[in-house]
Amino acid sequence: MFASVLTAAIHGMEVYPVRVEADVSNGLPSFTMVGFPSAQVKEAQDRVRTALRNNGINLPPKRVTVNFAPTDIKKEGAGFDMPVAASVLAASGIISPNVLEGVMLAGELSLNGEIHGVSGILPMAVRARELGCRYCMVPYHNLREGALVPGLEVIGVRTLREMITYLEEPGRFRSDVAYEEESCVPNHADFSEIKGQEGARRAVEIAVSGFHNILLIGPPGSGKTMIARRIPGIMPELTYEEGLELTKIYSIAGQLPEGNPLIRSRPFRSPHHTCTPLALTGGGRNPRPGEITLAHRGVLFLDEMPEFSRRSLETLRQPLEDKEICLSRAGGSFRFPANFILAAAMNPCPCGFYPDMNRCHCTAGEVSHYIGKISQPLLDRIDICTEVPAVTFSQMNQPSEGESSARIRSRVQHAREIQLARYAGENISFNGELQGRQIRKYCPLSPEAERLMSRAFEKMEFSARSYHRILKVARTIADMDKSAQICADHIAEALTYRSFDKKYWV
Amino acid sequence: MEETHDSIIHCIDRNSREFPEKLKNIPNSPKCIYYTGRLPEDRSPTIAIVGARMCSTYGRIQAFEFAQFLSRSGVQVISGLARGIDSEAHKGALEGDTPTFAVLGSGVDVCYPAGSRSLYQRILKNAGGIISEYPPGTQALPMFFPARNRIISGLADVVLVVEARERSGSLITANYALEQGKSVYALPGAVNDALSQGCHRLIYDGAGIAYCPEILLGEWGISKKNNKKTQEKNKIRLASDMKLVYSCLDLRPKNLDEIIRKTGFTPGKTSSLLMELKLLGLAAEVGRQNYVAINEYD
């Protein structure tokens, strides 16, 4: 007898529906799996057979053939156990094949029949709704995640027995998951804890307002990391769509937080400097999202940037331009979103105190070698560069608190709304994403600003790329000032943040 | 590579007529020297400006200004093409009217450090010369540098040490100069500045205090033709806000935050005023967002 059920395979960020077909016929007892299953998926037969036997269901001693269609996609992951079990049960007549019509299943079986959670449930459920499935059956562990998709019934099951019960009578399922409306504001550390550092605060606010990348340079202990960690707290809140998009990414990466799967706060990823290039970009034969994708719509913070391997850093160049990464593997090419703010922190020299010559004892060669670990093309992509000086005792002990994150965020929100309105017809939403033609269109300079820019261009000899970067930052500063035109003051300020130039360092 | 006039390497030995007179009389005089471009004029006044590679902005600016002033007054500036003070001295001299000369610790065709290549070219283009006692092709080795210093001081009448830590290669040059009977001057700095300790030590030991470039001219009895510096004083009217920001600046680098606190302006306003000052040539940015005053205005 033949039966089939729907499940899904995840390739990169794409979800492909896969039909699991089972046939039980006369012949020598065997269990064959065809249709390009990976080793993990092939193991499903042992898990399924044992789990069924341990639940008192004995498969008839017949020839069982399972096929995964379409056969051209490699099937990977443990989520195929449940659909294999369901289709085999239906094909051997234990449940009716009709109950599997219009159902999408995914889940991992344990030998005693328990069903474990798998990754990628949210994008699967979204696909199930698009395909018009009656309902989606997922491990109980993933129920909240699946239930995020509006207009789709999702059933969570704990055991093989429950699976059979609810497959036969889906109406009996009562979801007992409580959906507390999210009230807990993500508790990012607050900017009010930072004393002094007015210059760095301002630079960070500009960076966040226009979605610009930022580099913080300063001696050890000056607060670079502290400042960077507070960046997500001043970013505008995620919209529901953005949150869902992020939840999808984290679902595929298998990194959703327990209990509250919908991601509501902007990610802050801070990979250690031993991070490999593949961990940053995403890797594997069937690539998983890397750090840059996990930092999508949030912050990728590289602390001690010169300590990262050159290869890791250079991989960032293309995603920083394109806001996504395209990985090509034997199995095809995979696109992952990677629209993040790059925040980097570094010491100015190996000992960390340059240019304070009373404390720095590095040689000129050491300093330039240290700075040289970061390539100029990468530095060129960082729009804002600011120095974070060491804090003095009097600053540290001043009683007044710094400005709070909430107040900064409300200003950021204003600047963001101005940008959203301006770029309504374009496919961008921030000044940091402006491209060549758009820069000319949206960055009109006042005559005075024009003069200043031409003087600066001659005097500081910067490249065409840094010229455009300065215009974008000036655009953001003007927006924060609620000015439609870019004035001389805005240009002048943007010039002080221009990207780091090694030439003028040592 | 095609041999141009500039890249011809000459070798002259001590007995040659061309051999610099000043170098013949020093202890341990080199047997022969190689040079490309020209040799310093024997009869022209010559000064060696030396100092730390890792120098402060103060030292950098002073080295440049001293060299520029002296070069305009007809003094040949000699240094070692190293990073920091040496490079600034060459750069300053290139802005003057008199050729400048570099003495290397490697073959004259080996530009060390490689980052000074453009400076190397500019020196040759401006009728200056590159000098070394090592045959062409010799790579720079640490042990060559102290020996090279005796040639730097030997070619000069006066040695000016701009910035030096207490144990610095520049002090070796100063010692050679004393051995060779040349005058030594040192640039004073702040008492608590590690980079000025070597200079202060020299002053204590009897070196001249180079508190302004004019006093160095006295060594050759040159009187100041016309003080270009006063001529150059900027006749700029500054707005009061900008005056306030400018008044916060001095020769030590000030961070943006310090200036913000002193003026009470917003970060945005402060940085745009600083950028204006920079473009007017009154301030310079050293490192990122650290500023110094570099010129006076009227």
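Small disclaimer: the values here were computed from a predicted structure and weren't measured.

What counts and how
Residues numbered from 1 in each chain as written. Chains lettered and ligands numbered in written order. Predicted model: local features only at pLDDT ≥ 70, side-chain atom pairs only at ≥ 80, totals over all residues. Helix = DSSP H or I, 4+ residues; strand = E, 2+ residues; numbered from the N terminus. Rg over C-alpha atoms; globule rule 2.2 N^0.38 Å. Contact = placed C-beta atoms within 7 Å. Buried ≥ 20, exposed ≤ 12 C-beta atoms within 10 Å, placed from the backbone. Pairing = 2+ DSSP bridges. Nonpolar A, V, L, I, M, F, W, Y, C, P; charged D, E, K, R; others polar. Core = buried A, V, L, I, M, F, W, Y, C linked by C-beta atoms within 7 Å. Domains from an automatic or database assignment.

1. Side note on the overall build of chain B
Okay, so step 1: Broken down by element type, chain B carries twelve helices and twelve strands.
Okay, so step 2: Expected size for 298 residues packed as a compact globule is a radius of gyration near 19 Å; at 20 Å, chain B falls within 12% of this value.
Okay, so step 3: For chain B, the spread of C-alpha atoms along the principal axes amounts to about 70 × 50 × 40 Å.
Okay, so step 4: Residue pairs in contact within chain B that sit at least 24 positions apart in sequence constitute 69% of those at least 6 positions apart.

2. Describing the pairing of strand β15 (residues 341-346) of chain A
Residues and elements named next belong to chain A.
Okay, so step 1: With respect to burial, β15 is a largely interior element, six of its six residues being buried.
Okay, so step 2: Both strand β10 (residues 214-217) and β15 contribute to a ladder of four bridges, which runs parallel. Residue pairing for β15: Ile217 is matched across the bridge by Met346.
Okay, so step 3: Bridge count between strand β12 (residues 299-302) and β15: four bridges; the pairing is parallel. The partner of Val299 across the bridge, within β15, is Ile341.

3. Some thoughts on the interface of chain B and chain A
Okay, so step 1: With 26 residues of chain B at the interface, the matching set in chain A holds 27 residues.
Okay, so step 2: It is helix α12 (residues 267-279) of chain B that contributes the most residues to the side of chain B that touches chain A, eight residues altogether.
Okay, so step 3: Classifying every residue of the side of chain B that touches chain A by side-chain character gives eleven nonpolar, nine polar and six charged.

4. Observations concerning the nonpolar core
Okay, so step 1: Ala85, Ala86 and Ile491 of chain A are the most contacted members of the largest nonpolar core, which has 154 residues in total.
Okay, so step 2: The leading source of residues in this core is helix α3 (residues 81-91) of chain A, at eight residues.
Okay, so step 3: Leave out the neighbours within four places in its chain, and Ala86 of chain A touches Val5, Leu100, Leu105, Met163 and Leu167 of chain A.
Okay, so step 4: Ranked by size, the runner-up nonpolar core spans 74 residues in total, among them Cys349 of chain A together with Tyr58, Val77 and Ile172 of chain B.

5. Focus on the domain arrangement of chain A
All names here are of chain A.
Okay, so step 1: Segmenting chain A into domains produces domain 1 (2-172) and domain 2 (191-504).
Okay, so step 2: In this structure, domain 1 and domain 2 have C-alpha centres spaced 44 Å apart.
Okay, so step 3: In this complex, domain 1 contributes 14 residues to the contact, which on the side of domain 2 involves 17 residues.
Okay, so step 4: Here the element with the most residues in the side of domain 1 that touches domain 2 is helix α4 (residues 121-130); it accounts for three residues.

6. Comments concerning the sheet that holds strand β16 (residues 384-387) of chain A
All names here are of chain A.
Okay, so step 1: Read across the open sheet, the five strands follow the order β11-β12-β15-β10-β16; overall the sheet is parallel. Either end of the sheet is taken by a strand with one partner, and the two such strands are β11 (268-269) and β16.
Okay, so step 2: In this structure, β10 lies alongside β16, joined through four bridges in parallel fashion. Note that in β16 the partner of Ile217 across the bridge is Glu387.

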